[in-house]
Amino acid sequence: MKSDLQWMQAQVVALRDVTPTVREFELRPRREGEGEGEGEGGLAGAYEPGAHLQVQVMTAQGRLQTRSYSLVGEGDGRCWRIAVKRLDDGRGGSLAMWRLAVGDRLQVSAPQNHFGLDLSAPGYLLVAGGIGITPLVLMAQRLAAHARRTGVPVKMLYGARNAEEFGYLAHLRDALGEGVSAHEGSAPIDFAAAIAALPAGGQLYTCGPVPMLEAVKRAWHAAGRPIADLRFETFGSSGRLATQSFQVCIPRHDLTLTVPADCTLLEALDAAGVQTLWDCKRGECGLCAMDVIAVDGEIDHRDVFLSEHEKQSTTRICACVSRAVGTLTLDSAYRADS
C-alpha cells in the first residue's frame, strides 16, 4: 500500500513517431475548469533528469492501468514529453496509449524522480537499451553542459535491435558528439571495457531491458566498483517468457486466483483483497517481494531487486512486475488474530 498520488488532467497536443515502434506524446496539463483553447501558459513546471510521469490508461478490455513513462529531454514549462514503445504482446497499456489522438485527455501525476542525477562524480558512463533511452536523453544533455564547464568525461553506450530503433540518437550526438557509441543488433556490448575506462569514483547510469541491466551489474561487480555508483531504472516491461495468464494460490487466505495476461500479480492481489506493500511498481525497490512456497511451472523474474541467487532459488517474487507460467503458491503478510 502507498499513499495516493495527486492526479491532474492532461491533453495530448502533439504526436510523433520516433521509431517504427516508439511514439512520442506531448502532454499539456490542464487547469481545473479550463476550456478549449485556454490556458496557453500550461502547468508543466521544471523537472530534473530521471523524472517520470505516472499515467492512467484504459485498455481495450476496459481495465484501468497506471503506467510510468520517463520525461524526455528539456521541458518548455508548458508541456511534458514522454515516449511509449508499442508492445503488441504486453498488458495493453502501450496499445491504449497508441490509440490516443491529438485532443484526447488522460490523467497524469506530477513528475516524480527515483533516478536522480548526481553532478559530483569525476566521470560518467550512460548505458541505454531500446526504450531505456528515454530517461537518459536529458541526462546526456545536462552532462554535456556540465562537461563543457568542468572537463568531466562523459561516455554513452546505446544499444538497439536495428538501426531504425535508435530513437533520439541525433539529439544525443548533438549533445555528446563522438562520446556516443551506438551498438546495433544482438552482439554483446563490451561493458567491462567501458567500465574500465571510467575514472575511479565515476558513476554509471543505465536503463533498458532486464537482461541488459543484469549484464551491466555483473560487469560492474566484476570490476570491483562500489555498488552505490551504479544507478539504474527499469519499468519491468521485459521478460524471458511470453506474457500469459497464470494461477496463484495463497493458503493463508484460502484463495486461488488467476492473474490475467493484461494484469500484474500485484494488481490481481489487490483486486482480490490481499493487501501488499509496494512503492516503485518497477521492480527496483523490493518492497512488494513475496515468499514463494511452491512453483508448478516457472517464474519469469522481471525485477532488478532480487539477486541472481535469489532468482535461481525461486523463493521470492516481486509482485509488481514479475510473472509466471503455471501455478505459484505464495505466502502473504496476513496473520490471523490470535
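Residues numbered from 1 in each chain as written. Predicted model: local features only at pLDDT ≥ 70, side-chain atom pairs only at ≥ 80, totals over all residues. Heavy atoms only, no water.

A. Quick look at the sheet that holds strand β10 (residues 180-184). If you trace the five strands from one edge of the open sheet to the other, you get β10-β9-β8-β11-β12, paired in parallel fashion. The open sheet has two edge strands, β10 and β12 (230-233), and neither has a second partner. Across the sheet, the mean angle separating the axes of adjacent strands is 15° when strand polarity is ignored. Here strand β11 (residues 203-207) runs beside β12; their pairing, made up of four bridges, is parallel. Counted as the bridge partner of Tyr205 is Arg231 from β12. Along the sheet, helix α2 (residues 134-150) contacts β8 (124-129), β9 (154-160), β11 and β12; its crossing angle with β8, the most-contacted strand, is approximately 160°. (Pairing = 2+ DSSP bridges. Helix = DSSP H or I, 4+ residues; strand = E, 2+ residues; numbered from the N terminus. Axes fitted to C-alpha atoms, helices over the stretch in contact; angles between N-to-C directions. Contact = heavy atoms within 4.5 Å.)

B. Region of the structure containing the pairing of strand β15 (residues 289-300). When β15 meets strand β16 (residues 316-318), the two strands line up antiparallel, connected through three bridges. In the strand pairing of β16, Asp291 is matched with Arg316. Relative to strand β17 (residues 323-330), β15 runs antiparallel, the two being bridged by eight bridges. Bridge pairing in β17 places Asp300 opposite Arg323.

C. How the structure looks around helix α5 (residues 210-222). Taking 1.5 Å of rise per residue, the 13 residues of α5 would be expected to cover 18 Å, and the 18 Å separating its terminal C-alpha atoms lies within 8% of that figure. Listed in full, the buried residues belonging to α5 are Val210, Met212, Leu213, Glu214, Val216, Ala219 and Trp220. After α5 finishes, the residue Gly224 shows a positive phi value of roughly 75°. (Expected span 1.5 Å × (residues − 1). Buried < 20%, exposed > 50% of the residue type's maximum accessible area, 1.4 Å probe, protein only.)

D. Inspection of the sheet that holds β17 at higher detail. Spatially, the five strands line up as an open sheet ordered β14-β13-β17-β15-β16, and their pairing is mixed. This sheet does not close on itself; its edge strands, each paired only once, are β14 (255-259) and β16. Across this sheet, the average inter-strand angle for adjacent strands is 40°, counted without regard to direction.

E. Highlighting the environment of Ala197. Along the chain, Ala197 falls in the loop between α4 (191-196) and β11. In this structure Ala197 comes out as exposed when scored by relative accessible area, which is 64%. The spacing of Ala197 and Leu125 is 72 residues in sequence and 9.3 Å in space, taken between C-alpha atoms.

F. Molecular detail of the packing of α2 against helix α3 (residues 169-176). Where α2 contacts α3, the two axes come as close as 8 Å, and the packing angle between them is 15°. One way to sum up the angle between α2 and α3 is to call them roughly parallel. α3 is crossed by α2, and the crossing has left-handed handedness. Each of Leu136, Val137, Ala140, Gln141, Ala144 and Arg148 in α2 lies in contact with α3, whose residues at this interface are Leu172, Ala175 and Leu176. In the contact of α2 with α3, the residues fall into seven nonpolar, one polar and one charged. (Parallel < 35°, antiparallel > 145°, perpendicular 65-115°, else oblique. Left-handed = near helix turned anticlockwise from the far one by under 90°. Nonpolar A, V, L, I, M, F, W, Y, C, P; charged D, E, K, R; others polar.)

G. The packing of aromatic side chains, seen in detail. Using the criterion set out here, one finds three aromatic pairs in the structure. Centre to centre, the rings of Tyr158 and Phe166 are 5.0 Å apart; their planes meet at 85°, and the pair counts as edge-to-face. For the pair Tyr158 and Phe166, a shared accessibility class is recorded, and that class is buried. Ring pairs connect the aromatic residues Phe115, Tyr124 and Tyr205, which therefore count as one cluster. Sitting over the face of the ring of Trp98, Arg86 holds its NZ or CZ atom 5.0 Å from the ring centroid. (Phe/Tyr/Trp six-rings, centres within 6.5 Å; stacked < 30°, edge-to-face > 60°. Lys NZ or Arg CZ within 6 Å of the ring centre and 35° of its normal.)

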